[in-house]
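Topology and contacts: notes
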Amino acid sequence: MPAAVVVGGGIGGLAAAIALHRIGWRVTVLERAGEFSEIGAGLALWPNAMRALAALGLAERVRAIAGVETVGGVRDRAGRWLSRTDNAGVARRHGWPLLMVHRPELMRVLVAALPAELLRAGSEVRAVRPDGDGMVAEHRGGRTRADLVVGADGVRSQVRRQGWPEAAAPRYAGCTAWRMVTEPLRGRGDEGALFWGRGERIGFAALPGGRFYCFAAARVPEGGGEDAYAGLMRRFGGWPDPVPELLAAVPEEAVLRHDVYEAPPLASYVRGRVALLGDAAHAMEPTLGQGAGTALEDAVTLAACLRTAPDVDAALARYDLVRRPRTQAIARRSARLGTAGLVAWPPGAWLRNLAARLVPPGVLLRSMDPVLGWTPPEVRERGRAPLGSGGGAGTDA
């Protein structure tokens, strides 16, 4: 039985472990933290992400913990609508609506899909090196040999730093982000919105149970030391309704503030028997809501390549060929949208808002087809069995 070590127990790493386990690989997940959990706020799952979760047999379990945003769109600093999107149109076009989940709850679903003995918390990886025709990962708990190492350890990836020493370090994207989840609110419905200001933006989306995921960003110098809650309220406390109401329902200690970094494009996501996925390979700005979605796609595609290719090396070459152009294109698109949403120059912001008003909603939705229309490799390759058929975790009903 071939063996893989997955470095990193976040969404991408756990998804990779599930996908590999389902095709019969022996998997070990090494996570530096003391437990497999995540401090986080909300998370958008677009149709492409849900198709990846369906390939893992988890779509219906995730759907049960998710909320559906009925209507979303973009508003200006005064609260006027610039564009509106009907989520039913997303569902009609792509088979799934936009779903919103609480990140820790998604993590619990992923952890539950794996046998507990595969998960090793408190196992920070210190080195990854070749060993004959395989690899060895040296970590706090000892050393683990495998046929493949999957680097899923985030934007500051130790695996990427060791295996790609020539690669540039992640770069500051020019903005700081705030993320938070409100306490339950009554009567707010499930409509979301994104407000564009000048050099600032703030948005919200409904979660189950009357909670809302709120997210904001601003052009500020890297590494600011201002208190997260105080900085958030100072910048956004006076924005149009319902922003003040939502922020008032956020506990001070629940506000997460972090500088946004993006990974410079790599020439390959594979080196020897090491493959990168998720933020370790293509950390991007969050403006398209595709960080988790592309990591899930990576995981499913990696397993599909390993299942169908004649050997591991050919599978990894195929994985890089398939994933790198797509994810790097999405990262570029996210960066462009992030720049537009944080324009600070008044004439530029006015032109941006005008353009948003003039674009018909149907055109905007169609423009997302290359991103949202992704399907797992098994769907495109007729005659092949579904991922994990014949064993592993259960499939969707």
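Cut-offs used in this document
Residues numbered from 1 in each chain as written. Predicted model: local features only at pLDDT ≥ 70, side-chain atom pairs only at ≥ 80, totals over all residues. Heavy atoms only, no water. 1 Å grid on protein atoms, 1.4 Å probe; cavity = no way out; pocket = protein on both sides within 12 Å on 5 of 7 lines; lining within 4 Å. Points joined across faces, edges and corners; volume = space filled by probe spheres on them. Helix = DSSP H or I, 4+ residues; strand = E, 2+ residues; numbered from the N terminus. Nonpolar A, V, L, I, M, F, W, Y, C, P; charged D, E, K, R; others polar. Buried < 20%, exposed > 50% of the residue type's maximum accessible area, 1.4 Å probe, protein only. Patch = residues over 30% accessible without salt bridge, like charges linked within 9 Å, V, L, I, M, F, W, Y side chains within 5 Å. Areas by Shrake-Rupley, 256 points an atom, 1.4 Å probe, with all protein chains shown as cover. Salt bridge = Lys/Arg side-chain N within 4 Å of Asp/Glu carboxyl O. Pairing = 2+ DSSP bridges. pLDDT = per-residue confidence, 0-100. Contact = heavy atoms within 4.5 Å. Phe/Tyr/Trp six-rings, centres within 6.5 Å; stacked < 30°, edge-to-face > 60°. Axes fitted to C-alpha atoms, helices over the stretch in contact; angles between N-to-C directions. Parallel < 35°, antiparallel > 145°, perpendicular 65-115°, else oblique. Left-handed = near helix turned anticlockwise from the far one by under 90°.

1. Remarks on empty space enclosed by the protein
Inspection of the entire model under this criterion finds one cavity of 30 Å³ or more. Approximately 30 Å³ is the volume attributed to the largest cavity. What lines the largest cavity is Ile202, Gly203, Phe204, Cys214, Val243, Leu246 and Leu247. Counting residues per element, the ones that place at least two in the lining of the largest cavity are strand 15 (200–206) and helix 8 (243–248). Considering only residue class, the lining of the largest cavity consists of six nonpolar, one polar and no charged.

2. Considerations on the environment of Leu306
One can find Leu306 in helix 10 (residues 291–308). Its relative accessible area of 10% is what places Leu306 among the buried residues. Along the backbone, Leu306 and Gly163 are 143 residues apart, and their C-alpha atoms lie at a distance of 21 Å.

3. Observations regarding a nonpolar patch on the surface
On the surface, Trp350, Leu351, Leu354 and Leu358 cluster together into a nonpolar patch covering about 450 Å² of accessible area. Among the secondary structure elements, Trp350 is positioned in helix 12 (residues 346–358).

4. Points about the pairing of strand 13 (residues 171–181)
In terms of burial, strand 13 is a largely internal element, nine of the 11 residues being buried. Taken together, the six bridges between strand 13 and strand 17 (residues 256–262) define a ladder with antiparallel strand orientation. Along strand 17, the bridge assignment pairs Tyr172 with Tyr261.

5. Topic: the confidence of the model for the chain
Scored by pLDDT, the chain has a mean of 92; 95% of the residues are at 70 or more. Across residues 381–386 the pLDDT falls below 50, and counting only partners more than four positions away or on other chains, this stretch makes six contacts in the model. A low-confidence stretch, residues 388–397 stays under pLDDT 50, and its non-local contacts, those more than four residues away or across chains, total 17 contacts.

6. Thoughts on the side chain of Thr294
You can see Thr294 is positioned in helix 10. The exposure class of Thr294 is buried, given its relative accessible area of 0%. Contact partners of Thr294, with chain neighbours within four places excluded, come to His282, Met284, Arg323, Thr327 and Ile330.

7. Let's talk about the packing of aromatic side chains
One pass over the structure, following the stated rule, counts five aromatic pairs. Aromatic side chains Trp178 and Phe236 sit 6.0 Å apart centroid to centroid with 75° between the ring planes, which places their arrangement in the edge-to-face category. Residue Trp178 is located in strand 13, and its partner Phe236 is located in helix 7 (residues 228–236); the two are separated by 58 residues in the primary sequence. A relative accessible area of 1% means that Trp178 is categorised as buried. A connected cluster of aromatic rings, assembled from ring pairs, spans Trp178, Phe236 and Trp239.

8. A few points about the packing of helix 1 (residues 11–22) against helix 10
Where helix 1 contacts helix 10, the axes come no closer than 8 Å and their chain directions differ by 25°. In terms of orientation, helix 1 and helix 10 fall into the roughly parallel class. The element helix 1 and its partner helix 10 pack so that their crossing is right-handed. Residues Ile11, Gly12, Ala15, Ala16, Ala19 and Leu20 of helix 1 form the contact with helix 10, whose participating residues are Ala292, Ala295, Leu296, Ala299, Ala303 and Leu306. Of the residues belonging to the contact of helix 1 with helix 10, the class tally is 11 nonpolar, one polar and no charged.

9. What about helix 2 (residues 47–55)?
For helix 2, a buried count of eight out of nine residues is recorded, marking the element as mostly surrounded by other parts of the structure. Listing the buried residues of helix 2 in full gives Pro47, Asn48, Ala49, Met50, Arg51, Ala52, Leu53 and Ala55. Looking at the residues trailing helix 2, positive phi occurs at Gly57, about 80°.

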